[in-house]
Amino acid sequence: MIIGFIGLGIMGKPMVNNLLKAGHQVIVFDIIEENIKEVVELGAVAASSGKELAKQVNMVITMLPNSPHVREAVLGKDGILEGAKAGDTLIDMSSIAPLESQKIHSKCAEKGVKMIDAPVSGGEPKAIDGSLSIMVGGDKDVFDQVYDILMLMGSSAVYCGNIGAGNTTKLANQIIVGVNIAAVSEALMLASRAGVDPKLVFEAIRGGLAGSTVLDAKAPMMLQGNYQPGFKIDLHIKDLENALETGQGVDSPLPLASQVIEMMEDLHRDGCGQDDHSALAKYYEKISGSIIAKE
Ligand code: NAD
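**Student:** So what exactly am I meant to see when it comes to the overall build of the protein chain here?
**Tutor:** A count of helical and extended segments in the protein chain gives 14 helices and nine strands. Taken over C-alpha atoms, the radius of gyration comes to 20 Å for the protein chain, in line with the 19 Å a tight globule of 295 residues would show. If you line up the protein chain on its principal axes, its C-alpha atoms span 65 × 45 × 35 Å. Residues counted as buried form 52% of the 295 residues belonging to the protein chain. Taking the contacts inside the protein chain whose residues are at least 6 apart along the sequence as the reference set, 67% of them involve residues at least 24 apart. Roughly 13300 Å² of accessible area belongs to the protein chain as shown, and the carbon and sulfur atoms make up 55% of that amount. Averaging the coordinates of the 25 positive side-chain charges in the protein chain and doing the same for the 37 negative ones gives two points 2 Å apart.

**Student:** Where do I start with the layout of surface pockets in this structure?
**Tutor:** Here the idea is plain: a probe the size of a water molecule rolls over the atoms and shows the empty space left. The space that makes up the second largest pocket amounts to roughly 200 Å³. As for the second largest pocket, its lining consists of Ala97, Pro98, Leu99, Gln102, Gly164, Ala165, Thr168, Glu245, Thr246, Gly249 and Val250. Looking at the lining of the second largest pocket, the elements with two or more residues in it are α6 (98–110), α9 (165–193) and α12 (233–250). The greatest single-element share of the lining of the second largest pocket, amounting to four residues, is contributed by α12. Classifying every residue of the lining of the second largest pocket gives five nonpolar, five polar and one charged. Each of domain 1 (2–163) and domain 2 (168–288) accounts for three or more of the residues forming the lining of the second largest pocket.

**Student:** What's the story with the site of the ligand in this structure? I'm lost.
**Tutor:** Close to the ligand lie 27 residues; Met11, Asp30, Asn35, Pro65 and Lys238 are nearest. Here an oxygen atom of the ligand sits 3.0 Å away from a polar atom, N or O, in the main chain of Leu64. In the complex, 92% of the free accessible area of the ligand, which totals 830 Å², lies under the protein chains. Put simply, the parts of the chain that give the shell around the ligand at least two residues each are α4 (67–75), α7 (123–128) and α12. Looking at the shell around the ligand residue by residue, the classes come out as 13 nonpolar, eight polar and six charged. Per-domain counts for the shell around the ligand show at least three residues from each of domain 1 (2–163) and domain 2 (168–288).

**Student:** Before we go on, may I ask you to explain the side chain of Asp92 in this structure?
**Tutor:** With respect to the element layout, Asp92 can be found in strand β5 (residues 89–92). Although Asp92 lies buried, it forms no salt bridge, and the closest oppositely charged side chain, Lys238, sits 9.4 Å away as judged by the N-O distance. Polar side-chain contacts of Asp92 include one of 2.8 Å to the side chain of Thr62. Not counting residues up to four positions away in its chain, the partners in contact with Asp92 are Thr62, Val70, Met115, Ile116, Asp117, Ala118 and Pro119.

**Student:** Is there a simple way to think about the pairing of β5 in this case?
**Tutor:** Every regular strand shows the same layout, with side chains that alternate between the two sheet faces. Neither face of β5 is open: one carries Thr89 and Ile91, the other Leu90 and Asp92, and all of them are buried. Alignment of β5 against strand β6 (residues 114–117), held across four bridges, turns out to be parallel. Bridge assignment links Leu90 to a residue of β6, and that residue is Met115.

**Student:** Explain helix α8 (residues 140–150) to me, please; I cannot follow it from the model alone.
**Tutor:** Residue pairs spaced three or four apart in an α-helix point in one direction, given the helix's 3.6 residues per turn. When we look at burial in α8, the residues that qualify are Val142, Phe143, Val146, Ile149 and Leu150. Mapping the buried residues of α8 onto a view down its axis gives an arc of 105 degrees, with all of them on the same face. Looking at where α8 begins, the residue whose side-chain oxygen comes 3.0 Å from the main-chain nitrogen of Asp141 is Asp139.

**Student:** What should I look at first to understand the pattern of salt bridges in this one?
**Tutor:** A side chain with one charge may pair with a side chain of the opposite charge, provided their charged atoms come close. A complete count under the given rule lists 17 salt bridges for this structure. The salt bridge partner of Lys218 is Asp276, with a shortest N-O separation of 3.1 Å. Note that Lys218 is positioned in helix α11 (residues 213–224) and Asp276 in the loop between α13 (255–269) and α14 (280–288), a separation of 58 residues in sequence. As far as burial versus exposure is concerned, Lys218 and Asp276 are alike and both buried. Here Asp275 ties to Lys282 by a salt bridge, and the two come within 2.6 Å at their closest N and O atoms. The class of Asp275 is buried, set by a relative accessible area of 17%. On the accessibility criterion, Lys282 (26% relative accessible area) is partly exposed. Linked through salt bridges whose partners overlap, the residues forming this network are Asp266, Arg269, Asp270 and Lys286.

What counts and what doesn't
Residues numbered from 1 in each chain as written. Predicted model: local features only at pLDDT ≥ 70, side-chain atom pairs only at ≥ 80, totals over all residues. Heavy atoms only, no water. Helix = DSSP H or I, 4+ residues; strand = E, 2+ residues; numbered from the N terminus. Rg over C-alpha atoms; globule rule 2.2 N^0.38 Å. Buried < 20%, exposed > 50% of the residue type's maximum accessible area, 1.4 Å probe, protein only. Contact = heavy atoms within 4.5 Å. Areas by Shrake-Rupley, 256 points an atom, 1.4 Å probe, with all protein chains shown as cover. Lys, Arg positive; Asp, Glu negative; His and termini not counted. Charge placed at Lys NZ, Arg CZ, Asp CG, Glu CD. 1 Å grid on protein atoms, 1.4 Å probe; cavity = no way out; pocket = protein on both sides within 12 Å on 5 of 7 lines; lining within 4 Å. Points joined across faces, edges and corners; volume = space filled by probe spheres on them. Nonpolar A, V, L, I, M, F, W, Y, C, P; charged D, E, K, R; others polar. Domains from an automatic or database assignment. Near = heavy atom within 4 Å. Polar contact = N/O pair within 3.5 Å; in protein donor to acceptor, adjacent residues only side chain to side chain. Salt bridge = Lys/Arg side-chain N within 4 Å of Asp/Glu carboxyl O. Pairing = 2+ DSSP bridges. Arc of directions from axis to C-beta.

Read these as geometric descriptors, not functional statements.
Below is the structure:
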C-alpha cells in the first residue's frame, strides 16, 4: 500500500521507518528539508507539499506538534484537503485539543474525507520498536479499516469513542505522566537532601507500589542529569494547556495539572523548553538549591 506521512520529527521518523520495514511505500512531507532527507535515506519518497502528497495516496498520517500545525497541514494553502479525494482517510496521530480534532473532522467530512484522531503514548523508544500505545477516536468502521496499519507502529490500538476521544484519552495520559514525573523529582530530591543516595532509593522502591513505567524511564535520567529529549517540556506544556482548556469546557477541576504546568512554564522561562520532561527535576534543584545526583 502507498501511505502518505506528514511530520517527520522525533516520532514521525521512526514511525515511517516501521511502515517501510513492513513493505509499504511511504510518501513524506515536512517543512524541514533536513528531516525529509533523513527518511528518504530510509527508503521513503519526498513530496513537495501536503497537497501533492495527498494526490498520490488514499491514506495520510500526520504526526505534528499541536492543533495549529494540524490545521495548517490539513486545511491550509497547499494542504492535504486541497489534494485529497472523497473516500480518502486521514489518521491524525498528533496530540492536539479534542475540540480541534472535531473541527478538522467536520472540514474533512465536507470533502468526503474520513478522519480519525489516533494520538500515541510511549515516546521515541517505543516509536522506534513499534510498540506505541495508540488511542483512537472517530468512526468505528474507519478504525477497523486502519487497525492493521496502526499496529505496525504500536503494540495496542484501543477504540475510545467518537472523534476527539483519542485526544481526550491522551490528555488523561499526559496528566498522569506529568504529575508522576513531578512526584519522582520531589521524592528523589527529598532523599538526596536527607542524605540517602537517590540511586539506592530508586532501586529499593521500583518493584513496589511506587514503581511505574515513568519511574523506570525518568529516574535514571534525573540521576545522570541527562535531559536529552525524548518528550520536550514545551510539548508537555502544550498538552497540559489543552487539558486545562478541556477541563474548563467540561467543568472538571485539574489542580495537580495546574501545579505541574506552573513548574514546566518556569523551566521554559529558564530556557529549558527543549529539554526532556524529566527536567522537572531541575525545577526541584532550583527551588531547593541543590542537585539530586551528587556525583
Ligand atoms: P517534533 O517537534 O520532533 O516533530 C514535529 C515535526 O512536524 C517537525 O519535523 C516539524 O518540522 C513538522 N511540522 C510542523 N508543522 C508542519 C507543517 N505545517 N507541515 C509539515 N510538517 C510540519 O515533535 P514530536 O516529538 O515528533 O511530536 C509529534 C507529536 O507527537 C506531538 O503532538 C507530540 O505531543 C506527540 N508525542 C510525542 C512524543 C515524544 O516522546 N516525542 C510521545 C508521544 C506523543
